[in-house]
Amino acid sequence: MSYYPLQSIPDYYMMDSLLTEEQKLIRQSVRDWVESYVMPVIDDAAQHHKDLPNLMKELGAIGALGPYIPEEYGGAGLDQISYGLIMQELERGDSAVRSAASVQSSLVMFPINEFGSEEQKKKYLPKLAAGEFIGSFGLTEPNHGSDPGAMETHFSDEGDHYLLNGAKMWITNAPVCDIAVVWAKNSEGKVQGLIVERGMEGFTTPETHNKWSLRASRTGELVFSNVKVPKENLLPGVTGLRGPLSCLNSARYGISWGVIGAAIDCYCTAVQYSKERKQFGKPIGGFQLQQKKLAEFLTEITKAQLLCIQLGNMKNNHTATPAQISMAKRNNVKMAIDIARESRQILGGMGIMGEFPMMRHAANLESVITYEGTHDIHLLITGMDITGMNAFS
Ligand code: TGC
Ligand code: FAD
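None of the values given here were measured: they were computed from a predicted structure.

Engineer: Summarise the domain arrangement of the chain; cite the residues concerned and give the values.
Structural biologist: Along its sequence, the chain is organised into domain 1 (6-130), domain 2 (135-233) and domain 3 (242-387). Using C-alpha coordinates to define each centre, domain 1 is positioned 18 Å away from domain 3. The interface is formed by 34 residues belonging to domain 1 together with 38 residues belonging to domain 3. With both sides pooled, the region where domain 1 packs onto domain 3 buries about 2900 Å², and carbon together with sulfur makes up 67% of that total. Where domain 1 packs against domain 3, one counts 1 salt bridge. Ionic pairing is found between Arg 360 and Asp 94, a salt bridge with its closest N-O pair at 2.6 Å.

Take a look at the structure:
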């Protein structure tokens, strides 16, 4: 259960008037699920680095896996604002829960739906939508994070199969995945996507231990040592870096919404605490310095909500550009991490305790500000869009 009444979740600019009844119902059902399934156990899971039991199947059951994937493949066929609202509600619970859903939806189901063959869609999408299969997405490598175009993982055509070699690092859900969408270079040096299945000889997924962030999520490596990948596992619909980067557009969009949820959880907790906690004979919420913080939090959350609603409209119309998505990801993650850090101070010493969510969200957001393109990389994408000049090379 959240520490604050759910009615206090802010909608300062009446953005609900821009939502359909269906979108509001979807948000409410995910909010209810987060209250009953995530909130009671998330502190224990994060403190002790434990999985939330049966998480992927639970997410599948509430329609949070592949919400915008067509119904014929097991998705919910929803629009992009509904997808965003689902991400927001999940990340109000914890970034690890949103990560699980956004990797599966945007980084595994999206490329199979967008670039996969009919057989691949039928084979994998319904199981991924139900959470029966857990997927991971391998782009980042030990030597190549921000510059995936320089990746070393490669495959060769061996007649009746491909032979895959290389390694991916920092991969969400690698240790528990059933399949991995892996981006690798073909013998001409062009990037293509392969679906690698657990059990293929030479494919291992060692776990990355000792994280201070996203402790309720598994992170690991994908290691390929002469893995024989059947030819039918190549994604036929895309060649080039555009393939993986298109998936990132979808995941970055989801993160832009998701982090609003983490900010809301911190903001609402701080408001509630500031009304209850008395010092110098009155609630600390009555002091101007605390009000300044709370007023700024609400202003920033409201601005982030407006960015997302309009970006969602543009996504629905297929007009959102990658640079517009970068702006929202960068702005909203920074907004959320600032609110997590500052709101912790409103709780004084209590702010460092697991009973309250700020330290957990702040620590999680240290990953979120780095993955899916770092804060600085997104700034350079915006800079390039403004000037037409590429600061990367
Ligand atoms: P560049 O030469 O600019 O572009 C290469 C080709 O890609 C196209 N392109 C895009 N296409 C679709 N969407 C985008 N966002 C695109 N950006 C570029 C581009 O048009 C070009 O196409 P073509 O047909 O002309 O070949 O590429 P570059 O090598 O200079 O790199 C550009 C840069 C730095 C922006 C890009 O590499 C980048 O975004 N780097 C950041 C890497 C990143 O975000 N990695 C994320 C890994 S996945 C992850 O973190 C998951 S965490 C999940 C969780 O747990 O929630
Ligand atoms: P680097 O690229 O080495 O960057 C280091 C620093 O240099 C950063 O501050 C960066 O902004 C800066 N920098 C780099 N280039 C420039 C430049 N041109 N100009 C100025 N500054 C620059 N990846 C996946 O493929 N799949 C996943 O599922 C996945 N999950 C992840 C989960 C977690 C918990 C984490 C932490 C990461 C995950 N990642 C995943 C990897 C993530 O996308 C990368 O960490 C990220 O893209 C940055 O790469 P890097 O860590 O190698 O940093």
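Engineer: Mind laying out the nonpolar core, listing which residues take part and the relevant values?
Structural biologist: Core analysis: the largest hydrophobic core is formed by 101 residues, its most contacted members being Trp 33, Leu 59, Leu 90, Ile 112 and Trp 183. Setting aside residues no more than four positions away along its own chain, Trp 33 makes contact with Val 38, Leu 55, Glu 58, Leu 59, Ile 62, Leu 90 and Val 97. Core analysis: the next-biggest nonpolar cluster, separate from the first, contains 18 residues, Phe 155, Ala 184, Phe 203 and Phe 224 among them.

Engineer: Residue-level account of the site of ligand 1, with values.
Structural biologist: The full set close to ligand 1 counts 24 residues, and Ser 99, Thr 172, Asn 249, Arg 252 and Glu 372 are the nearest of them. Within the contact set of ligand 1, a nitrogen atom lies 2.8 Å away from a side-chain nitrogen or oxygen of Asn 249. Between an oxygen atom of ligand 1 and a main-chain N or O atom of Gly 373, the distance comes to 2.8 Å. For ligand 1, the protein covers 70% of the area, taking 1100 Å² as the surface of the free molecule. If you map ligand 1 onto the pockets, it falls in the largest pocket. At the level of secondary structure, the elements contributing two or more residues to the shell around ligand 1 comprise helix H5 (95-115) and helix H7 (242-276). Partitioned by chemical class, the residues of the shell around ligand 1 number 11 nonpolar, 9 polar and 4 charged.

Engineer: Go over the packing of aromatic side chains, please, and point to the residues and values.
Structural biologist: Scanning all chains against the criterion turns up 11 aromatic pairs. Note on Phe 280 and Phe 287: the rings are 6.4 Å apart at their centroids and 85° apart in plane angle, and the pair reads as edge-to-face. Since its relative accessible area comes to 27%, Phe 287 is described here as partly exposed. Through pairs of rings, three or more aromatic residues link up here, namely Tyr 3, Tyr 273 and Phe 356. The cationic tip of Lys 127 hangs over the ring face of Phe 133; the distance from NZ or CZ to the ring centre is 5.6 Å.

Engineer: Describe helix H1 (residues 21-38), and please don't skip the residues or the numbers.
Structural biologist: Compared with the 26 Å implied by 1.5 Å per residue over 18 residues, the 25 Å span of H1 between its first and last C-alpha is a close match. Buried within H1 we find Gln 23, Ile 26, Arg 27, Val 30, Arg 31, Trp 33, Val 34, Glu 35, Tyr 37 and Val 38. On its buried side, H1 packs onto helix H2 (42-47), helix H3 (55-61), helix H4 (80-93) and H5.

Engineer: Can you explain the site of ligand 2? Please cite residues and give values.
Structural biologist: Taken together, 18 residues are adjacent to ligand 2, and Phe 137, Thr 140, Ser 146, Trp 170 and Thr 374 come closest. For ligand 2, a nitrogen atom lies 2.9 Å from a polar atom in the backbone of Phe 137. In the model, an oxygen atom of ligand 2 is placed 3.0 Å from a nitrogen or oxygen of the Thr 172 main chain. When ligand 2 is considered free in solution it has 980 Å² of accessible area, and contact with the protein chains removes 67% of it. Put simply, ligand 2 lies in the largest pocket. Elements supplying a minimum of two residues to the shell around ligand 2: strand S3 (161-172) and helix H11 (375-387). Residue classes in the shell around ligand 2 are distributed as 9 nonpolar, 7 polar and 2 charged. Looking at which domains feed residues into the shell around ligand 2, each of domain 2 (135-233) and domain 3 (242-387) supplies at least three.

Engineer: Could you give an account of the packing of H4 against H5, naming the residues involved and the relevant values?
Structural biologist: The geometry of H4 relative to H5 is characterised by a closest axis approach of 7 Å and an angle of 150° between their N-to-C directions. Between H4 and H5, the angle falls in the class roughly antiparallel. Of the residues in H5, those in contact with Tyr 83, Met 87, Leu 90 and Glu 91 of H4 are Ser 95, Val 97, Arg 98, Ala 101, Ser 102, Ser 105 and Ser 106. When grouped by side-chain class, the residues that make up the contact of H4 with H5 number 5 nonpolar, 4 polar and 2 charged.

Engineer: Report on the layout of surface pockets, specifying residues and quantitative values.
Structural biologist: Reported here for the largest pocket is a volume of approximately 1100 Å³. Together, 41 residues line the largest pocket, and Thr 140, Leu 248, Tyr 371, Glu 372 and Gly 373 are the ones closest to its centre. Contributions of two or more residues to the lining of the largest pocket are made by H5, S3, H7, helix H9 (322-346) and H11. For the lining of the largest pocket, the leading source of residues is H7, giving 8 residues.

Engineer: Now, about the pairing of strand S7 (residues 219-230): what can you tell me, with residues and values included?
Structural biologist: Here S3 runs beside S7; their pairing, made up of 9 bridges, is antiparallel. Bridge pairing in S7 links Leu 164 to Val 227. Pairing of strand S6 (residues 203-204) with S7 involves 2 bridges; the strand directions are antiparallel. Among the inter-strand pairings, Thr 204 is bridged to a residue of S7, identified as Val 223.

So, how was this worked out
Residues numbered from 1 in each chain as written. Chains lettered and ligands numbered in written order. Predicted model: local features only at pLDDT ≥ 70, side-chain atom pairs only at ≥ 80, totals over all residues. Heavy atoms only, no water. Domains from an automatic or database assignment. Contact = heavy atoms within 4.5 Å. Buried area = accessible area lost by both parts, 1.4 Å probe. Salt bridge = Lys/Arg side-chain N within 4 Å of Asp/Glu carboxyl O. Core = buried A, V, L, I, M, F, W, Y, C linked by side-chain atoms within 4.5 Å. Buried < 20%, exposed > 50% of the residue type's maximum accessible area, 1.4 Å probe, protein only. Near = heavy atom within 4 Å. Polar contact = N/O pair within 3.5 Å; in protein donor to acceptor, adjacent residues only side chain to side chain. Areas by Shrake-Rupley, 256 points an atom, 1.4 Å probe, with all protein chains shown as cover. 1 Å grid on protein atoms, 1.4 Å probe; cavity = no way out; pocket = protein on both sides within 12 Å on 5 of 7 lines; lining within 4 Å. Sits in = over half its atoms within 2 Å of the grid points. Helix = DSSP H or I, 4+ residues; strand = E, 2+ residues; numbered from the N terminus. Nonpolar A, V, L, I, M, F, W, Y, C, P; charged D, E, K, R; others polar. Phe/Tyr/Trp six-rings, centres within 6.5 Å; stacked < 30°, edge-to-face > 60°. Lys NZ or Arg CZ within 6 Å of the ring centre and 35° of its normal. Expected span 1.5 Å × (residues − 1). Axes fitted to C-alpha atoms, helices over the stretch in contact; angles between N-to-C directions. Parallel < 35°, antiparallel > 145°, perpendicular 65-115°, else oblique. Points joined across faces, edges and corners; volume = space filled by probe spheres on them. Pairing = 2+ DSSP bridges.

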